[in-house]
Amino acid sequence: SGKTLVQFSSGTPARAREAGQWASAHDVSYLDCTMSGGPQQIGNNLGTFFYTGPRGVFEALREVLAPLIGTSTYCGEDLGYAAALDFARLGAYTGVLTVLGNVFSLLEAEGVPVDDLLDTVSFLDRAFLDGIVQAITADQYPSGTATLTTWKAWADQFVQSEHDAGIDPRVAEVVRDHVALAIERGHGDDDIYALFSGFGPSR
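Definitions and cut-offs
- Residues numbered from 1 in each chain as written.
- Predicted model: local features only at pLDDT ≥ 70, side-chain atom pairs only at ≥ 80, totals over all residues.
- Heavy atoms only, no water.
- Axes fitted to C-alpha atoms, helices over the stretch in contact; angles between N-to-C directions.
- Helix = DSSP H or I, 4+ residues; strand = E, 2+ residues; numbered from the N terminus.
- Parallel < 35°, antiparallel > 145°, perpendicular 65-115°, else oblique.
- Left-handed = near helix turned anticlockwise from the far one by under 90°.
- Contact = heavy atoms within 4.5 Å.
- Nonpolar A, V, L, I, M, F, W, Y, C, P; charged D, E, K, R; others polar.
- Core = buried A, V, L, I, M, F, W, Y, C linked by side-chain atoms within 4.5 Å.
- Buried < 20%, exposed > 50% of the residue type's maximum accessible area, 1.4 Å probe, protein only.
- Salt bridge = Lys/Arg side-chain N within 4 Å of Asp/Glu carboxyl O.
- Pairing = 2+ DSSP bridges.
- Right-handed = clockwise from strand over helix to strand, strands pointing away.
- Phe/Tyr/Trp six-rings, centres within 6.5 Å; stacked < 30°, edge-to-face > 60°.

**Concerning the packing of helix H6 (residues 148-165) against helix H7 (residues 170-187)**
At step 1: Contact geometry for H6 and H7: axes closest at 9 Å, N-to-C directions at 160 degrees. With respect to their mutual orientation, H6 and H7 come out roughly antiparallel. Both H6 and H7 take part in a crossing whose hand is left-handed. Here H6 contributes Leu148, Thr149, Trp151, Lys152, Trp154, Ala155, Asp156, Phe158, Val159, Glu162 and His163 to the contact with H7, which in turn contributes Ala172, Glu173, Val175, Arg176, Val179, Ala180, Ala182, Ile183 and His187.
At step 2: Residues belonging to the contact of H6 with H7 are distributed by class as follows: 12 nonpolar, three polar and five charged.

What follows is the structure in structure tokens.
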């Protein structure tokens, strides 16, 4: 009672709102936070934290929170907002990776060089695509941020968030299932690009 709780762990919008209700019932001030960036950005001038909850609580803690990361952004009173934004952002990222894994496997099966696709795709950053191809070609995916095991925990919550929202979760389930398959193939400690091992024949 009388304390302030700032939650930095990933979670669904529904869980964020439930946590806020718990905090209110126990006379605890509560902020929910999600992050744009990786662990290496904590404590420096990069990355962004997105905070939701009572503005007065955020303003009272602004000077305490500011040194944690480059930018601290307040997103309003709705405790589910930051979590929904996080799932949308990372869902778009992993969705793109999942589709690319699928089409790269199709090209490989049909004997079409990946570069022939990259030369015709203008709506994705070429450096981003080249980095993926280099990782796949080397079949090495060292984790500089979160491992696939961590991504699997996120993907489970991604699916749950869509169930909670009452929308079709099948796209999120495809992402989750391919992350799970890559882990089964021995890549649990590797980077998100190891997701590509979950397509095509076992390597």
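**Considerations on the nonpolar core**
At step 1: Grouped together as the largest cluster of nonpolar side chains are 30 residues, with contacts concentrated most on Leu97, Phe104, Ile132, Trp154, Tyr193 and Phe196.
At step 2: Of all elements in the fold, only helix H3 (81-110), helix H5 (126-138), H6 and H7 reach the threshold of two or more residues within this core.
At step 3: Those residues in contact with Phe104 that sit more than four places away from it in its chain are Val114, Leu117, Leu118, Ile132, Val133, Ile136 and Phe196.
At step 4: Residues Val6, Cys33, Phe49 and Tyr51 belong to the second largest nonpolar core, which totals 11 residues.

**Considering the pattern of salt bridges**
At step 1: The final tally for this structure, using the stated rule, is 10 salt bridges.
At step 2: For Arg89, the salt bridge is made with Asp86, and the minimal N-O distance between the two is 2.8 Å. Taken together, the residues span about one helical turn, with Arg89 and Asp86 both in helix H3 at a distance of three residues.
At step 3: Overall, Asp86 belongs to the buried group, its relative accessible area being 6%.
At step 4: Two residues, Asp130 and Arg126, come together in a salt bridge whose shortest N-O distance is 2.8 Å.

**What about the pairing of strand E3 (residues 48-52)?**
At step 1: With five of five residues buried, E3 is to be regarded as a mostly interior element.
At step 2: Of the two faces of E3, the one carrying Thr48, Phe50 and Thr52 and the one carrying Phe49 and Tyr51 are both buried.
At step 3: Relative to E3, strand E2 (residues 29-36) runs antiparallel, the two being bridged by five bridges. Paired with Cys33 across the two strands is Tyr51, which belongs to E3.
At step 4: As judged from the four bridges shared by E3 and strand E4 (residues 71-74), these two strands associate in the parallel manner. In the strand pairing of E4, Tyr51 is matched with Tyr74.
At step 5: As for the winding sense of the linkage, the β-α-β connection from E3 through helix H2 (residues 55-65) to E4 is right-handed.

**Structural notes on the side chain of Thr48**
At step 1: Mapping Thr48 onto the fold places it in strand E3.
At step 2: With residues near it in sequence (within four places) discarded, Thr48 still touches Thr34, Met35, Ser36, Ile69, Thr71 and Thr73.

**Examining unusual backbone geometry**
Both trends apply: most residues other than glycine have a negative phi, and most peptide bonds are in trans.
At step 1: A positive phi is found at Asp27, a non-glycine position, where the angle reads about 55 degrees.
At step 2: With respect to the helices and strands, the residue Asp27 is situated in the loop between helix H1 (13-25) and E2.

**Observations concerning the packing of H3 against H7**
A pair of packed helices is characterised by two quantities: the angle between their axes and the separation of those axes.
At step 1: Interhelical geometry of H3 versus H7 gives an angle of 65 degrees and a closest axis separation of 10 Å. By the angle class used here, H3 and H7 are roughly perpendicular. Crossing of H3 over H7 shows left-handed handedness. The residues of H7 that touch H3, namely those facing Thr94, Gly95 and Thr98, are Val174, Val175 and His178.
At step 2: Considering only residue class, the contact of H3 with H7 consists of two nonpolar, four polar and no charged.

**A short note on the packing of aromatic side chains**
At step 1: Evaluation of the coordinates by the stated rule reveals 13 aromatic pairs.
At step 2: Taken together, a centroid distance of 5.9 Å and an interplanar angle of 25 degrees make the contact between Phe87 and Trp154 stacked. Remark: Trp154 occurs in helix H6 and Phe87 occurs in helix H3; sequence separation between them is 67 residues.
At step 3: Geometrically, the ring pair formed by Trp151 and Trp154 is edge-to-face, given 5.5 Å between the ring centres and 80 degrees between the ring planes. Of this pair, Trp151 and Trp154 both sit in helix H6, three residues apart, roughly one helical turn. Comparing Trp151 with Trp154, the two get one shared label, buried.

So, to be careful, I would describe these as geometric facts and stop short of saying anything about function.
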